[in-house]
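Observations on the model geometry
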Amino acid sequence: MTALLDVRGLSKSFGGVEAVRDVSFALAAGELLALIGPNGAGKSTCFGMLGGQVRPDAGRVRLAGADITGLKPRRIWARGVGRTFQTAETFASMTVAENVETALHGRTAARSAETRRLLGLVGLAAAAGRPAGTLSYGDVKRLELALALSNTPRLLLMDEPTAGMAAAERTALMQLVAGLARERQVGVLFTEHDMDVVFAHADRILVLDRGLLIAEGPPEAIRADPQVRAVYLGEGLTFSEAG
Amino acid sequence: MDFLVVQFLTGLASACSLFLVASGLSLIFGVTRIVNFAHGAFYMVGAYVAYVLTERWSGALGYWGGLLCAALVVGAAGAAMEMALLRRIYRAPDLFQLLATFGVTLMVEDLVVLLFGPEDLLGARAPGFKGAVEILGQQVPRYDLFLIGLAPLVLAGLHLVLRRTRWGILVRAATQDREMVAALGVNQRWLFTSVFALGTALAGLGGALQLPREAVNHSMDMTIIVEAFVVVVIGGLGSITGAFLAAVLVCELNAFGILVLPEVSLVLVFAVMAGVLILRPHGLLGGAPAEARAMRLAIPPPWKPFTSAERLWVVGGLALAAALPLVAGAYALTVAAEVAIFALFAASLSFLMGPGGMPSFGHAAFFGLGAYGAALAVSGAGLPMAAALLVGPLLGLAGAVLFGWFCVRLSGVYSAMLTLAFAQIAWAVAFQWVGLTGGDNGLLGIWPEGFARTPHGFYWLALAICATGIVLLRILVFSRFGYRLRAARDSAARAETVGIDRMRVQWAAFAVAGLFAAIAGALFAFLKGSVFPDTLGIPLSVDALAMVLLGGVETVSGAILGAIAYKLLAVWLISETDQSKLVLGAVIVLLVVVFPQGLGGQITRWRRPT
């Protein structure tokens, strides 16, 4: 069976700095894959290369067998990839509902029905009429998710989806995403700083350090991996403290 | 060959003043993010003050002291403008500061005439640099050689100040990241004022140094400001060395362009500028990050279509406007038709700047192309008025499609400067292609026909077309296209990841804005019965900008109010006073200070009290 997302030998340098070096991994439909690593490990660069914002120097990205390397974000979107951004990338001059409606395609009536459904799904139904520019950080993340889901993607790329949320909200949001993954066989790749979220929800974890993939496996194996522990201990953070 | 060398030296000498002016402009923009439109006025004031001082003071010391004192006087005036005016409006939307400095420019243009008289003033020759030197058998003025030597010295001096002093380091830091410098506890007020003082003093010195080379006159400001914009954009905003290279480039293009292709010498400079920007979108030596935040227009609160009560008001207003011929005479109707035409023109620019998020300094290009299109359809092709009104605007549309393709590839102030360059190209073509356009003599005899021959007939025609155009633009804002356009403006990254082709949407908006501006221009040709190159000129572009900003760029219909207020004021002032620019400039400055969100923004606040 072909993987939903297949990444081979992805590399990117900025100036002389190798941000991402020869990264390869695969993601199955319905799987929640976490990409973790210390600050500056290359997570966002990786995400950018998958979403089309950053052009890779080398390597291949395949979506369900089709090569999508270096395509424009728009083209990648058209193939069924939704993404959220680390910083808020919403349409600040519109209301929450207008944000989602603008992202949707199809007839007007169908768009407003779908907007209500998506806002209900991410828990923003009550905020539909609010200007997106006035949302709290957690609500911005919910809107980001609704926008990413607007084309019923088969692959969801989420850069720090729960940053700025309270613990209970994080769990609720990740359960929602996990539900989507299971029911609709959506593949989910996400980065996250909060190890609670990672170990509670990821099926598998990739660990990136200084651009290199240093470990890959189920949460238990990652938790026990001495190399991973060393990287994180180096930051003064242990898994017992964090997770 | 020898002649070419001399021509090259002349170009270098001209580059000196241009470099001084442009480096000041660049410094000011780098630190304060203000496009100082008054920079040309400071240059002109520098020349006038230098003239007065050198006439009073005798001897070499008096002469050179006079030039230096002129620069100091101008620097003090610049600091005064920053403290008295700009400090009050730093929090207003970005282009408001440009508008305020434009108001100052208008005032200065009238003030110099009041103070120094309208005639050209010929200054004395520089002591020690009179006469000429023979180089390769050709005569080269000594003073030119002095200027050629001076420019690199000023460049080196500025470099020293920027690299070696604490003040210079702060200036460079602020150019990179203004917010960070503020966060470090630097006294920004003092930094901004001092940068303004230095920047305007450089402009003043540039003007003073021209004294032995050209007659001082009251239109020096417009010529230099356009060239300085071009130099700053080619060199890269905030880069002094870039400004130097670009000043040399521009002056050499001018010097040799006149020899090789005198007909298109004006076009040449702007074509090179467009070329540089396409290849290096941030100029020769400019960097991207500082500019990214520079010209982001304020993101408005969500717009709402009119409520039914508000629609009634609009219908009532239109009915009143349509009834105007019952009470108004021929002159008033002509003025009213002009107001309607400018309301459509301003609305088209507002569409580009508001939902499109693309400020334009050269929107008159499309207005003028529409006017020429209609006029050529009548005088060249012999078409009747109705056909000319349909065909004429297509020339503006074609221009917008062509220019827009380039402009959507750049961002913020670079895109706006490129629109200015394109407008100047269009102006230069109209000015220089005498065979087709009649050049400065314009195209005459473009009169309306049939029922539109009477003042009330033409007024109704203009009102109907302009009102329809404005309604269509408003419908477009609230259409699917309008939302996608705003999406591209609010977040290009997000727009692309929900399947919106940012460049294509913005390009389409450019075409729409150009088309409606051209429709206004075509009507304008029939209103005046003639077309001249000024329909493409910078003053008209800035008029439109003033209307939009006074109306409030963050509103949908504010531009209409801005156009009505601005145009009526301008027409009334011209009929009432000889110093109309002085009063108009003062009114603009006052409005900017009192209503920093524009008139329309004020009404929005009344409409939706928070």
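Each chain has its residues counted from 1, running along the sequence as written. Naming scheme: in the order in which they are written, chains are lettered from A and ligands are numbered from 1. Given that the model is predicted, a residue must reach a pLDDT of at least 70 before its local features are reported, and side-chain atom pairs must reach 80 or more before they are shown or counted; all residues, however, enter totals for whole chains, interfaces and linings. The side-chain quantities take in all heavy atoms of the structure and omit both hydrogens and water.

**Structural notes on the overall build of chain B**
Here a helix means four or more residues in a row that DSSP labels H or I, a strand means two or more in a row labelled E, and each is numbered from the N terminus. Of the regular secondary structure elements, chain B holds 27 helices and four strands. Two things to know: the radius of gyration comes from C-alpha atoms, and the globule rule equals 2.2 Å times the number of residues to the power 0.38. Its C-alpha atoms give chain B a radius of gyration of 24 Å, within 12% of the compact-globule value 25 Å for 610 residues. Referenced to the eigenvectors of the C-alpha coordinate spread, the extents of chain B come out at roughly 70 × 55 × 45 Å. Split into buried and exposed, the 610 residues of chain B put 57% on the buried side. The contact criterion used throughout is that any non-hydrogen atoms of two residues lie within 4.5 Å. Partitioning the intrachain contacts of chain B with sequence separation of at least 6 by distance along the chain shows that 80% fall at a separation of at least 24. Per-residue and other accessible areas were derived by the Shrake-Rupley procedure at a 1.4 Å probe size, with only the shown protein chains allowed to occlude residues. Only carbon and sulfur atoms are counted for the fraction: they give 69% of the accessible area of chain B, which is about 23,900 Å². To sort residues, take the accessible area from a 1.4 Å probe on protein chains only and compare it with the maximum for the residue type: under 20% means buried, over 50% means exposed, and anything in between is partly exposed.

**Considerations on the sheet that holds strand 4 (residues 58-63) of chain A**
Backbone hydrogen bonds are what pair the strands of a sheet, in a parallel or an antiparallel way. All names here are of chain A. When DSSP locates at least two bridges between a pair of strands, those strands are taken to pair. Across the sheet, which stays open at both edges, the four strands sit in the order 2-1-4-5 with antiparallel pairing between neighbours. The outermost strands of the open sheet, each flanked by one partner alone, are strand 2 (17-27) and strand 5 (66-67). With seven bridges connecting them, strand 1 (residues 5-14) and strand 2 associate as antiparallel partners. Each residue of the ladder has a partner; that of leucine 10, found in strand 2, is valine 23.

**Description of the pattern of salt bridges**
One side-chain nitrogen of Lys or Arg within 4 Å of one carboxyl oxygen of Asp or Glu is enough to make a salt bridge. Counting across every chain of the model gives 21 salt bridges over all chains. The closest approach of N and O atoms between arginine 204 of chain A and glutamate 31 of chain A, which form a salt bridge, is 2.5 Å. Taken together, the positions of arginine 204 of chain A in strand 9 (residues 204-209) and glutamate 31 of chain A in the loop between strand 2 and strand 3 (32-36) put the pair 173 residues apart, joining distant regions of the chain. The residue glutamate 109 of chain B makes a salt bridge to lysine 581 of chain B at a minimum N-O spacing of 2.9 Å. With glutamate 109 of chain B in helix 4 (residues 95-116) and lysine 581 of chain B in helix 26 (residues 580-594), this residue pair connects regions lying 472 residues apart in the sequence.

**Digging into a positive patch on the surface**
Taken together, Lys72 and Arg75 of chain A together with Arg409 and Arg504 of chain B make up a surface patch of like positive charges. With respect to the element layout, lysine 72 of chain A can be found in the loop between strand 5 and helix 2 (73-78). A patch is a set of surface residues, each over 30% in relative accessible area and not in a salt bridge, joined within 9 Å for like charges and within 5 Å for the nonpolar side chains Val, Leu, Ile, Met, Phe, Trp and Tyr. For the charge count, each Lys or Arg is scored as positive and each Asp or Glu as negative, with His and the chain ends excluded. We put the charge of a Lys on NZ, of an Arg on CZ, of an Asp on CG and of a Glu on CD.

**With respect to helix 6 (residues 166-176) of chain B**
All names here are of chain B. Buried within helix 6 are the following residues: Trp167, Gly168, Leu170, Val171, Ala174 and Thr175. Buried residues of helix 6 fall within an arc of 160° about the axis and therefore sit on the same side. Exposed positions of helix 6 whose direction lies more than 90 degrees from the buried face are Arg166 and Gln176. What the arc describes is the spread of directions from the helix axis to the C-beta atoms.

**Considerations on the domain arrangement of chain A**
Residues and elements named next belong to chain A. Those domain boundaries reflect an automatic or database domain assignment. The domain boundaries assigned to chain A delineate domain 1 (29-56 + 71-90 + 137-242) and domain 2 (91-134). Centre-to-centre separation of domain 1 and domain 2, based on C-alpha positions: 24 Å. Across the boundary between the two partners, domain 1 contributes 13 residues, which contact 16 residues of domain 2. Here the quantity called buried area is the accessible surface, traced with a 1.4 Å probe, that two parts lose on coming together, added over both. Interface area, domain 1 with domain 2, both sides summed: about 1,300 Å², of which 70% is carbon and sulfur. Considering only the side of domain 1, the residues that lose the most area to domain 2 are Thr90, Leu143 and Ser150, jointly responsible for 34% of the buried surface there. For this analysis, a polar contact is any N or O atom pair within 3.5 Å, provided that within protein one partner can donate a hydrogen and the other can accept it, and provided that sequence-adjacent residues contribute only side-chain to side-chain pairs. Applying the counting rule to domain 1 against domain 2 returns two residue pairs in polar contact (both at pLDDT 80 or more). At the level of elements, helix 5 (137-148) and helix 6 (167-184) are the ones that each hand at least two residues to the side of domain 1 that touches domain 2. Considering every element that reaches the side of domain 1 that touches domain 2, the biggest residue donor is helix 5, with six residues. Residues are sorted three ways: Asp, Glu, Lys and Arg are charged, Ala, Val, Leu, Ile, Met, Phe, Trp, Tyr, Cys and Pro are nonpolar, and all the rest, Gly among them, are polar. Residues belonging to the side of domain 1 that touches domain 2 are distributed by class as follows: eight nonpolar, two polar and three charged.

**Structural notes on the packing of helix 17 (residues 385-407) of chain B against helix 23 (residues 502-528) of chain B**
Residue and element names in this part refer to chain B. Two elements in contact, helix 17 and helix 23, have axes whose closest approach is 7 Å; the angle formed by their N-to-C orientations is 145°. Crossing of helix 17 against helix 23: the hand is right-handed. Taken together, the residues of helix 23 that come into contact with helix 17 (itself represented by Met385, Ala388, Leu389, Pro393, Gly396, Leu397, Ala400, Val401, Gly404, Trp405 and Cys407) are Trp507, Phe510, Ala511, Gly514, Leu515, Ala518, Ile519, Ala522, Leu523 and Phe526. Here the contact of helix 17 with helix 23 is composed, by residue class, of 18 nonpolar, three polar and no charged. Axis definition: a line fitted to C-alpha atoms, over the contacting stretch in the case of helices. Angles run 0 to 180 degrees between N-to-C directions. Handedness of a crossing follows from how the near helix is turned relative to the far one, being left-handed for an anticlockwise turn of less than a right angle and right-handed for a clockwise one.

**Looking at the packing of helix 4 of chain B against helix 24 (residues 538-551) of chain B**
The geometry of a pair of packed helices is captured by two quantities: the angle between their axes and the separation between those axes. Residue and element names in this part refer to chain B. Where helix 4 meets helix 24, the closest approach of the two axes is 10 Å, and the angle between their N-to-C directions is 125°. Classified by the interaxial angle, the pair formed by helix 4 and helix 24 is oblique. In this structure, helix 4 meets helix 24 at a crossing whose hand is left-handed. Contacts between helix 4 and helix 24 involve Leu95, Phe96, Leu98, Leu99 and Phe102 on the former and, on the latter, Val542, Leu545, Ala546, Leu549 and Leu550. Of the residues belonging to the contact of helix 4 with helix 24, the class tally is 10 nonpolar, no polar and no charged. Throughout this description, any angle smaller than 35 degrees is read as roughly parallel, any larger than 145 degrees as roughly antiparallel, any in the 65 to 115 degree range as roughly perpendicular, and the remainder as oblique.

**A few points about the pairing of strand 10 (residues 212-217) of chain A**
All names here are of chain A. Of the pairings in the sheet, the one linking strand 9 to strand 10 comprises five bridges and is antiparallel in character. Directly across from leucine 206, in strand 10, lies its bridge partner glutamate 216. What sits between the antiparallel neighbours strand 9 and strand 10 is a turn of two residues, in which arginine 210 has the positive phi angle 45°.

**Description of the environment of arginine 111 of chain A**
Position of arginine 111 of chain A relative to the elements: it lies in helix 4 (residues 108-122). Relative accessible area serves as the criterion here: at 9%, arginine 111 of chain A is assigned to the buried category. Put simply, arginine 111 of chain A and glutamate 101 of chain A are 10 residues apart on the chain and 5.9 Å apart in space, counted from C-alpha to C-alpha. Every residue in contact with arginine 111 of chain A, bar those within four places of it in the chain, is listed here: Glu101, Leu104, His105 and Gly106 of chain A together with Arg480 of chain B.

**Observations concerning unusual backbone geometry**
Of note, the phi angle at aspartate 22 of chain A is positive, near 50°, even though the residue is not glycine. Mapped onto the elements of the fold, aspartate 22 of chain A is located in strand 2.

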